Amino acid sequence: MTAPEELLHQVWGFAGFRPGQEEIVQAVIAGENTLAIMPTGGGKSLCFQLPALCRDGVTVVISPLIALMRDQVRSLRAAGVEAGALTSGNTESETEDVFAALDAGRLKLLYLAPERLALPGTLPMLRRVGVSLIAVDEAHCVSQWGHDFRPDYLRIGELRRTMGVPLAAFTATADAETRAEIVTRLFDGVEPRTFLRGFDRPNIRLCFAVKDSPREQILSYVKLRKGQSGIVYCGSRSKCEVLAQALREADHPAIYYHAGMDPEERRQAELRFQQEDGLIVVATVAFGMGIDKPDIRWVAHADLPKSIEGYYQEIGRAGRDGGPADTLTLYGPEDIRLRRSQIDEGAAPLERKEADHGRLNALLGLAEATACRRQVLLGYFGEDSGPCGNCDLCERPAKLFDATEAVRKALSVVLRTGQRFGAGHLIDVLTGTPTSKVKERGHDQLPTYAAGKDLSKPAWGAVFRQMMGRDLIRPDPEQNGGLYMTEAARPVLRGEVQVTLRADTVEKASSYVAKVN
Ligand code: ADP
Ligand code: ZN
């Protein structure tokens, strides 16, 4: 048997392993059940392709995207590896070739679309050809709660049991819930060797800014990056179209992309983005899976992503070539409100909704971080690190203030007005602004009326946003989004914990330091 290291040089022409790859490769070769969590672009495919060459027999690879399977098969073959795919995209002669190679015992890697597992002939066929390893790419597709759920992935557990061979699962989605579901469904609940590696992408600069005039903010951001390829993520289809138009009017080459376009239009857009230099795509999250453009120099979020995982995946599309890449994420109270209501109004069961709120909280914690963002981000994925020197908060440390009193006043006004009002009205009460709504409701009679005169309205706006970001208050879907106090706020109200907030995000968001690559 050739040593893994040698195969790495000979077959792939790589100088060495990437962080984490070697340990995973060793474990998979040794026949251990493994779960590897690595970020997109981290080099997961090598971790099953290389062991496949070291082991006898065939490695079956289950993967959700036909295009990706075909790509991998193509490059393996170009490197002289016997690989083939059985998917609905095959021509008849391709399928025949695969079966011929299987029957001759030559094939080392057999890529299978999950749907194949449902066909009656598949299991007997796999039993006949001598499978020695099952590799599952994008293993989070087994999670019913995730947005990538593929029902046929649920058949993989049975496949593993019937074959009685080791299974190696790979995903970029690291949250504990999805991980637990993978362990249950793919490994019958028996913990596999788990690896979590390489989440840091030090070349990507992290930056968040409070959204005040998103269009202008994005336009000025793009202006500083003329000629560079980048992605702007938006929360809705119509925003993508409008913003792409605005960029074109400002003389930037920009196209839009969303799931409302027909498949051919989408394919064209993807192709243009891959091939043209300096093109900007304004897209919903539908854009990105399967895009392998190494020189995307920046990713901007015009709207807050849905979760910290989503954020990580989306910014991770920048700087795959290792060169400097920049990101900007805009967020504001409206984003928080929208994301909360999307969760609340969804069809998911209650415990699922709470988990989703938790994931959103993790992202908001990052948005409202008071020190190095990368530490917060990597900490979420379970990696320890020091201050990175490549995020807005490392470059310009946040000004903090003890906001305990302010937060308690805000909570008090939330409670005294019956947990039914939005921040605007609550701030009117706090600052002693006698609007007609304040007077009609008798809120000018409350002891908290004008109790917060010491802060300006914008300052209170920032306090409320940060309180929403810390999940101390939430919009109530049953009360038109009026704010209510969460359990997390009780210790604050009782004076048991201090709250430190950022003072500087009160300043206009457009003053963020834009650093040009
Ligand atoms: P993932 O599936 O984790 O998103 P891939 O397996 O597609 O990532 O790998 C991403 C890129 O990194 C590919 O272009 C691959 O050829 C390259 N790559 C993987 N491992 C190495 C390595 N050890 N050295 C150099 N390049 C590598
Ligand atoms: Zn940092």
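Residues numbered from 1 in each chain as written. Chains lettered and ligands numbered in written order. Predicted model: local features only at pLDDT ≥ 70, side-chain atom pairs only at ≥ 80, totals over all residues.

Identification of the protein chain as DNA helicase RecQ from Stagnihabitans tardus is taken from an unreviewed UniProt entry. You can read under Catalytic activity (unreviewed entry) in the UniProt record for the protein chain the words "Couples ATP hydrolysis with the unwinding of duplex DNA by translocating in the 3'-5' direction." Looking at the Sequence similarities (unreviewed entry) heading of the UniProt record, one finds this comment for the protein chain: "Belongs to the helicase family. RecQ subfamily." (UniProt positions renumbered as here; feature names shortened; annotations may be inferred.)

**Student:** Residue-level account of the overall build of the protein chain, with values.
**Tutor:** When its secondary structure is counted, the protein chain shows 21 helices and 18 strands. Against the compact-globule benchmark of 24 Å for 517 residues, the protein chain has a radius of gyration of 26 Å, which places it among compact chains. With the principal axes as the frame, the protein chain shows a C-alpha extent of 85 × 50 × 45 Å. Looking at the protein chain residue by residue over its 517 residues, the buried ones come to 43%. In the protein chain, once contacts between residues fewer than 6 apart in sequence are set aside, the share between residues at least 24 apart is 73%. (Helix = DSSP H or I, 4+ residues; strand = E, 2+ residues; numbered from the N terminus. Rg over C-alpha atoms; globule rule 2.2 N^0.38 Å. Buried ≥ 20, exposed ≤ 12 C-beta atoms within 10 Å, placed from the backbone. Contact = placed C-beta atoms within 7 Å.)

**Student:** Please provide a residue-by-residue account of the packing of helix H17 (residues 404-416) against helix H18 (residues 423-430), values included.
**Tutor:** At a minimum axis separation of 10 Å, H17 and H18 run at an interaxial angle of 110°. If you check the angle between H17 and H18, you find them roughly perpendicular. Note that H17 runs across H18; the crossing there is right-handed. Between H17 and H18, the contacting residues are Lys 409, Ala 410, Val 413 and Val 414 on the first element and Leu 426, Val 429 and Leu 430 on the second. The residue inventory of the contact of H17 with H18, partitioned by class, reads 6 nonpolar, no polar and 1 charged. (Axes fitted to C-alpha atoms, helices over the stretch in contact; angles between N-to-C directions. Parallel < 35°, antiparallel > 145°, perpendicular 65-115°, else oblique. Left-handed = near helix turned anticlockwise from the far one by under 90°. Nonpolar A, V, L, I, M, F, W, Y, C, P; charged D, E, K, R; others polar.)

**Student:** Give me the site of ligand 1: which residues, what numbers.
**Tutor:** The full set of residues close to ligand 1 is Phe 14, Phe 17, Arg 18, Gln 21, Met 38, Thr 40, Gly 41, Gly 42, Gly 43, Lys 44, Ser 45 and Leu 46. A total of 3 residues in the shell around ligand 1 trace back to one element, the largest contributor, which is helix H3 (residues 44-54). Its residues assigned to classes, the shell around ligand 1 shows 4 nonpolar, 6 polar and 2 charged. (Near = placed C-beta within 6 Å.)

**Student:** Please provide a residue-by-residue account of the nonpolar core, values included.
**Tutor:** What tends to happen in soluble globular proteins is that the nonpolar side chains get buried as a cluster. In this structure, Val 232, Val 282, Val 407, Ala 410 and Val 463 are the most contacted members of the largest nonpolar core, which totals 84 residues. With sequence-adjacent residues up to four places away left out, Ala 410 is seen in contact with Leu 430, Val 463, Phe 464 and Met 467. Of all hydrophobic cores here, the second largest spans 54 residues; its members include Leu 7, Leu 110, Leu 167 and Phe 170. (Core = buried A, V, L, I, M, F, W, Y, C linked by C-beta atoms within 7 Å.)

**Student:** A description of the environment of Glu 6 should follow, citing residues and the corresponding values.
**Tutor:** Mapping Glu 6 onto the fold places it in helix H1 (residues 4-12). Residue Glu 6 is classed as exposed on the basis of its 10 C-beta neighbours within 10 Å. Separated by 238 residues in sequence, Glu 6 and Ala 244 have C-alpha atoms that sit 48 Å apart.

**Student:** Let's hear about helix H14 (residues 350-367): which residues, and what values?
**Tutor:** Owing to its 3.6 residues per turn, the α-helix aligns residues three or four sequence positions apart on the same side. Its 18 residues give H14 an end-to-end C-alpha distance of 25 Å, which sits within 8% of 26 Å, the value for a rise of 1.5 Å per residue. Those residues of H14 that fall on the buried side of the exposure criterion are Asp 356, Leu 360, Leu 363, Leu 364, Leu 366 and Ala 367. For H14, the angular spread of buried residues about the axis comes to 155°, placing them on one side. Among the exposed residues of H14, those oriented more than 90 degrees off its buried face are Leu 350, Glu 351 and Glu 354. For H14, the elements touching its buried residues are strand E9 (208-210), helix H12 (308-315), strand E14 (325-331), helix H13 (333-345), helix H15 (373-381) and helix H20 (457-469). (Expected span 1.5 Å × (residues − 1). Arc of directions from axis to C-beta.)

**Student:** Explain the sheet that holds strand E1 (residues 34-37) to me, using residue names and the numbers behind them.
**Tutor:** Spatially, E3-E4-E2-E5-E6-E1-E7 is the arrangement adopted by the 7 strands of the open sheet, whose pairing is parallel. Where the open sheet ends on each side, the last strands, each with one partner, are strand E3 (83-86) and strand E7 (193-196). The sheet shows a mean angle of 20° between the axes of neighbouring strands, taken without regard to direction. Along the sheet, helix H8 (residues 176-187) contacts E1, strand E5 (131-136) and strand E6 (167-171); its crossing angle with E6, the most-contacted strand, is approximately 150°. (Pairing = 2+ DSSP bridges.)

**Student:** Please provide a residue-by-residue account of the confidence of the model for the protein chain, values included.
**Tutor:** With 97% of its residues at a pLDDT of at least 70, the protein chain reaches an overall mean of 91. For the stretch residues 507-517, pLDDT sits under 50, and the model shows 25 contacts to residues farther than four places along the chain or on other chains. In the predicted assembly, ipTM is 0.97 and pTM is 0.71. (pLDDT = per-residue confidence, 0-100.)

**Student:** Residues and numbers for unusual backbone geometry, please.
**Tutor:** Notably, Asp 188 is not glycine yet its phi reads approximately 50°, a positive angle. For Asp 188, the location among the structural elements is in the loop between H8 and E7. Its 11 C-beta neighbours within 10 Å are what place Asp 188 among the exposed residues. The backbone phi angle of Ala 450 is positive, close to 65°, even though this residue is not glycine. Checked against the element boundaries, Ala 450 lands in the loop between helix H19 (436-440) and H20. Using a count of 14 C-beta atoms within 10 Å as the deciding quantity, one classes Ala 450 as partly exposed.

**Student:** How would you sum up the pairing of E14? Please name residues and give values.
**Tutor:** The buried count for E14 comes to 7 of 7 residues, which makes it a mostly enclosed element. Side chains Ala 325, Thr 327, Thr 329 and Tyr 331 project from E14 onto one buried face, and the interleaved Asp 326, Leu 328 and Leu 330 project onto a second face that is buried too. Where E9 meets E14, 3 bridges bridge the pair, whose relative direction is parallel. If you follow Phe 208 over to E14, its bridge partner there is Thr 329.

**Student:** Residue-level account of the environment of Ile 473, with values.
**Tutor:** Among the structural elements, Ile 473 can be located in strand E16 (residues 473-476). C-beta crowding within 10 Å serves as the criterion here: with 24 such atoms nearby, Ile 473 is assigned to the buried category. Residues Ile 473 and Ala 254, spaced 219 residues apart in sequence, show a C-alpha to C-alpha distance of 38 Å. Non-local contacts of Ile 473, meaning those with residues more than four positions away in its chain, are made with Val 414, Met 467, Met 468, Leu 483, Tyr 484, Met 485, Thr 486 and Ala 489.

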